[in-house]
Amino acid sequence: MYINYDTLFIGGEWVKPSSAKRIDLISASTEEPIGSVPEAQESDVDDAVAAARRAFTEWSQWAPSDRATAMERFADILDKRAEEMVGRVSSQNGMPVAIATQLEGAYPAILLRYYAGLARGLEFDETRPGLLGGTTLVRKEPIGVVGAIVPWNLPQSLAAFKYAPAMAAGCTVVMKPSPETVLDAFLLAEAAEEAGIPGGVLNIVPGGRELGAYLVSHPGVDKISFTGSTDAGRMVGQTCGHLLRPVTLELGGKSAAIVLDDAKLELEKIAEPLFTATLINNGQTCFLGTRVLVPRTRYNEIVDIFTGFVGALTVGDALDPATQIGPMASVRQRERVEGYIAKGRAEGARVTIGGGRPADRDLGWFVEPTVFADVDNSYVIAQEEIFGPVLSVIPYGDEDEAVRIANDSDFGLGGSVWTSDPARGLAVAKRIQTGTIGVNHYMPDPTAPFGGIKASGLGRELGPEGLANYQQLKSIYLGQEHVG
Ligand code: NAD
């Protein structure tokens, strides 16, 4: 079904865009046209920021419990329209529906309800006895208008990482989705409208990087929350640094999946968590452990296990419920992944499975899931983010060397440790320089802070810490007596 929009969602209304420019969407699996939306221009961003500023005056004054109720209605509508949402996301970016049902269908409503619950329980004001006489009223005030910039790989859940805590705090949002995934953003707008979210609390401005840069530097924006590549994140951070504008940056990764020498790796038991930690969403996920660190004493055995595991994955149309690996999100993205596979070969790494395009797929931007053996951690394929279904298996001597290799990376976002001894796994996990890590599984939980160190970003999303991103502190010193 072809989806067409002629208007933009700004200030709670569907308004005529300021230009006739359009963004056209192509199915990643079939290369067929699937939709078209207006491309927002700078003047549309101006309107969206102005609408968000107007809405902020009231929304920030709502009782947190009233905001929570509105957010729960929003969650109900998103649940009702989840299947439609999943279809839109999967046809655009190639995420298999079986995965999108959880990550893009269910997760945003879970986040809205979680932050609605936090808003109900929050103390926004606290009175503290002073040491120098008087007391202080410490207030957590909403920071204002948030510019939220979202990538294409998990467009709905990553958007919810931002708008759910921002709305709970009393902020309003101007969201810029990635041009590769805009049809889902329009459905999000419809859901907000249907849920009766007050006009201007959530505004959507679809466009590319220039429009994103315009939003980042807009004088009417109080805070930027960005998820995307490290290169773009540096530019966003530079602008925000100059403007002294608070910013959260969730950027790229190149995490390690460390297999300890006692790991059993029985695929009948661990195939699902192993897949989630290393390959979910066609490898187009920031936190994946794509550097698989393996004890040298068990190297050949574990390379064979990974080769069998990856070779058995079902590659297919993203809309087929049996598919485990779908296509890359765009031609550009496939070129990037194929470029890295060529680099890996040129560096001397050995392809044990995959390495090309699936023979039975003439259409769609498919790449075979691929395993490289004989990889040294210094190789480009071990240092740079490939963002595709490509694993590099790297040998290590002892546990100290595994930790050293894992930490020898510009990034620090995710990671996992695989062992039959959870206490040992935890001890190793504590030594890894990263923002998040799992033992025998990996999945960001809404209640815990998520984010990276080093080139993986600044700040954290999710958990109560994610809500604090959208608040600023004000101390009001109260004297013993009023004067005058
Ligand atoms: P990208 O940086 O090209 O684009 C991300 C978003 O930022 C898009 O909406 C884009 O239009 C916009 N943008 C690009 N340059 C900009 C600029 N200079 N100013 C303002 N906005 C700009 O990234 P992508 O290719 O869409 O997404 C993939 C990247 O995102 C990967 O590196 C991945 O690791 C990262 N990512 C990180 C996380 C995380 O939470 N750490 C999650 C998902 C994806």
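What this report covers is the structure whose coordinates are included nearby.

Conventions and cut-offs
Residues numbered from 1 in each chain as written. Predicted model: local features only at pLDDT ≥ 70, side-chain atom pairs only at ≥ 80, totals over all residues. Heavy atoms only, no water. Helix = DSSP H or I, 4+ residues; strand = E, 2+ residues; numbered from the N terminus. Polar contact = N/O pair within 3.5 Å; in protein donor to acceptor, adjacent residues only side chain to side chain. Contact = heavy atoms within 4.5 Å. 1 Å grid on protein atoms, 1.4 Å probe; cavity = no way out; pocket = protein on both sides within 12 Å on 5 of 7 lines; lining within 4 Å. Points joined across faces, edges and corners; volume = space filled by probe spheres on them. Nonpolar A, V, L, I, M, F, W, Y, C, P; charged D, E, K, R; others polar. Domains from an automatic or database assignment. Buried < 20%, exposed > 50% of the residue type's maximum accessible area, 1.4 Å probe, protein only. Pairing = 2+ DSSP bridges. Right-handed = clockwise from strand over helix to strand, strands pointing away. Near = heavy atom within 4 Å. Areas by Shrake-Rupley, 256 points an atom, 1.4 Å probe, with all protein chains shown as cover. Sits in = over half its atoms within 2 Å of the grid points.

Structurally, the position occupied by Asn377 is in the loop between strand E16 (370-373) and helix H12 (380-383). At 2.8 Å, the side chain of Asn377 forms a polar contact with the side chain of Arg291. Within polar-contact distance, the side chain of Asn377 engages the backbone oxygen of Ile405 at 3.5 Å. With residues up to four places along the chain from it excluded, the contact list for Asn377 reads Arg291, Ala382, Gln383, Ile394, Ile405 and Asp408.

A word on empty space enclosed by the protein. Which parts of space are left empty comes out when a probe the size of a water molecule is rolled across the atoms. This structure, assessed with the given rule, holds 5 cavities of 30 Å³ or more. Looking at the largest cavity, it is lined by 13 residues, and the ones nearest its centre are Leu154, Ser157, Phe161, Phe287 and Pro444. Mapped by element, the contributors of at least two residues to the lining of the largest cavity are helix H4 (97-121) and helix H5 (155-169). Counting residues per element, the lining of the largest cavity draws most heavily on H5, which supplies 3 residues. Looking at the lining of the largest cavity residue by residue, the class counts come to 11 nonpolar, 2 polar and no charged. The residue makeup of the lining of the largest cavity includes at least three contributed by each of domain 1 (3-251 + 456-475) and domain 2 (256-439).

Quick look at the side chain of Ser60 now. Structurally, Ser60 is set in the loop between helix H1 (42-59) and helix H2 (64-80). Residue classification places Ser60 among the buried residues on the basis of a relative accessible area of 15%. Side-chain polar atoms of Ser60 contact the backbone oxygen of Thr57, separated by 3.5 Å. Beyond its immediate chain neighbours, meaning those up to four positions away, Ser60 contacts Arg67, Pro142 and Gly170.

Another aspect to go through is the pairing of strand E14 (residues 289-295). Burial of E14 is extensive: 7 of the 7 residues sit out of reach of the surface. When strand E13 (residues 255-259) meets E14, the two strands line up parallel, connected through 4 bridges. Considered in E14, the bridge of Ser255 is made with Gly289. The handedness of the E13 to E14 crossover, carried by helix H9 (residues 267-278), is right-handed. The pairing of E14 with strand E17 (residues 390-396) spans 5 bridges and is classified as parallel. Residue pairing for E17: Arg291 is matched across the bridge by Ser392.

Next up on the list: the site of the ligand. If you check the shell around the ligand, you find 27 residues, and the closest are Val150, Lys176, Ser229, Leu251 and Glu385. The contact in question runs from an oxygen atom of the ligand to an N or O atom on the side chain of Arg209, over 3.1 Å. Side-chain polar atom of Ser229 to an oxygen atom of the ligand: 2.6 Å apart, as the coordinates give it. Compared with its free state, where it exposes 830 Å², the ligand has 94% of that area covered by protein. Comparing atom positions with the cavity grids shows the ligand to sit within the largest pocket.

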